[in-house]
Amino acid sequence: MIIADLHVHSYNSKDSLLKPRDIITTAVKRGVNCVAVTDHNTVKGGLELVKEARGLKDFIAIPGVEVKTDVGDVILLFVDEEVRIERFDELLDHAKSISAVTILAHPYRKHVMVEESARKVQVIEVLNSRSFKSANLKALSLASKLNKPIMAGSDAHTMFEIGKAVTIMEGSSEDDVRRRLLKGEVRIFGSESSPLVHLFSFASKIINEVARTF
Ligand SMILES: [Zn+2]
């Protein structure tokens, strides 16, 4: 069985300090055997995760990216090179050409044209630990209205958020994750984090900025 946290940020995102190696250790401790690192507009963290997981048994590392588009954030999974596209439709075409899985991240946080965009992506994030419960419930009802596959992710930017929301499916390989996700053969489990987590992200941003100055 695969217990996956498919939305995690590493220090390659300005608002996180997490190192891929520590992400793996913490995930495994919590019974999470699959992680996708999906940093803001860079695949660096995802690739680092894959490198760190090399040789590990029973752990699936998925490189991803969370792209800021003109309709809002979109996650691409199974990406191994940088994506520098901001236009939503263009991004989806590109994703198709590189066989990436497209996910509409937390649809009710700063997105525009939500329903239209939701129809076009392959999967909808219906449980994001950093979203309000009301926003998650709206996302879930949108997915069910459109009959779209769903997923859950912690959107972790700190250690204690890892595994707060997981997508659970049968199987043991990266291919299983892709297939089950696209077929909607998953269950989701988890909860919303305390709003305090946003404060830690704010602090991380400052620490990252200071680190860059030195
Ligand atoms: Zn995120």
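In this report, we go over the structure that sits alongside the text. (Residues numbered from 1 in each chain as written. Predicted model: local features only at pLDDT ≥ 70, side-chain atom pairs only at ≥ 80, totals over all residues. Heavy atoms only, no water.)

All right, on to the pattern of salt bridges then. Taken as a whole, this structure holds 10 salt bridges when the rule is applied. Notably, a salt bridge pairs Glu185 with Arg180, separated by 2.7 Å at the nearest N-O pair. (Salt bridge = Lys/Arg side-chain N within 4 Å of Asp/Glu carboxyl O.)

With that settled, consider the pairing of strand E3 (residues 60-69). Among the 10 residues that make up E3, 9 are buried, leaving the element largely enclosed by the rest of the structure. Across 7 bridges, strand E2 (residues 34-40) lies against E3 in parallel orientation. Bridge pairing links Val35 to Ala61 in E3. In this fold, E2 hands off to helix H2 (residues 44-53), which returns the chain to E3; that crossover is right-handed. Here 6 bridges tie E3 to strand E4 (residues 72-77), and the two strands are oriented antiparallel to one another. Within E4, the position partnered with Gly64 by the bridge is Leu77. If you look at the hairpin formed by E3 and E4, you'll find 2 residues sitting between the two strands. (Buried < 20%, exposed > 50% of the residue type's maximum accessible area, 1.4 Å probe, protein only. Helix = DSSP H or I, 4+ residues; strand = E, 2+ residues; numbered from the N terminus. Pairing = 2+ DSSP bridges. Right-handed = clockwise from strand over helix to strand, strands pointing away.)

One finds Leu6, Ile62, Leu76, Leu77, Val177 and Leu181 to be the most contacted residues of the largest nonpolar core, which totals 44 residues. For Leu6, the residues in contact, after removing those within four places along its chain, are Cys34, Ala36, Thr38, Ile62, Leu77, Met151, Ala152, Gly153, Thr167 and Leu181. Counting residues in hydrophobic clusters, the runner-up holds 16 residues, among them Ile24, Val35, Ala53 and Ile168. (Core = buried A, V, L, I, M, F, W, Y, C linked by side-chain atoms within 4.5 Å. Contact = heavy atoms within 4.5 Å.)

Here we take up the packing of aromatic side chains. Considering all chains together, one arrives at 0 aromatic pairs under this definition. The cationic tip of Arg178 hangs over the ring face of Phe78; the distance from NZ or CZ to the ring centre is 4.4 Å. (Phe/Tyr/Trp six-rings, centres within 6.5 Å; stacked < 30°, edge-to-face > 60°. Lys NZ or Arg CZ within 6 Å of the ring centre and 35° of its normal.)

Turning our attention to the pairing of strand E7 (residues 150-153). What you see with E7 is no split at all: Ile150 and Ala152 on one side and Met151 and Gly153 on the other are buried throughout. Here 4 bridges tie strand E6 (residues 123-128) to E7, and the two strands are oriented parallel to one another. Paired with Asn128 across the strands is Gly153, a residue of E7. Where the polypeptide runs from E6 across helix H5 (residues 133-146) and back to E7, its parallel neighbour, the crossover connection is right-handed.

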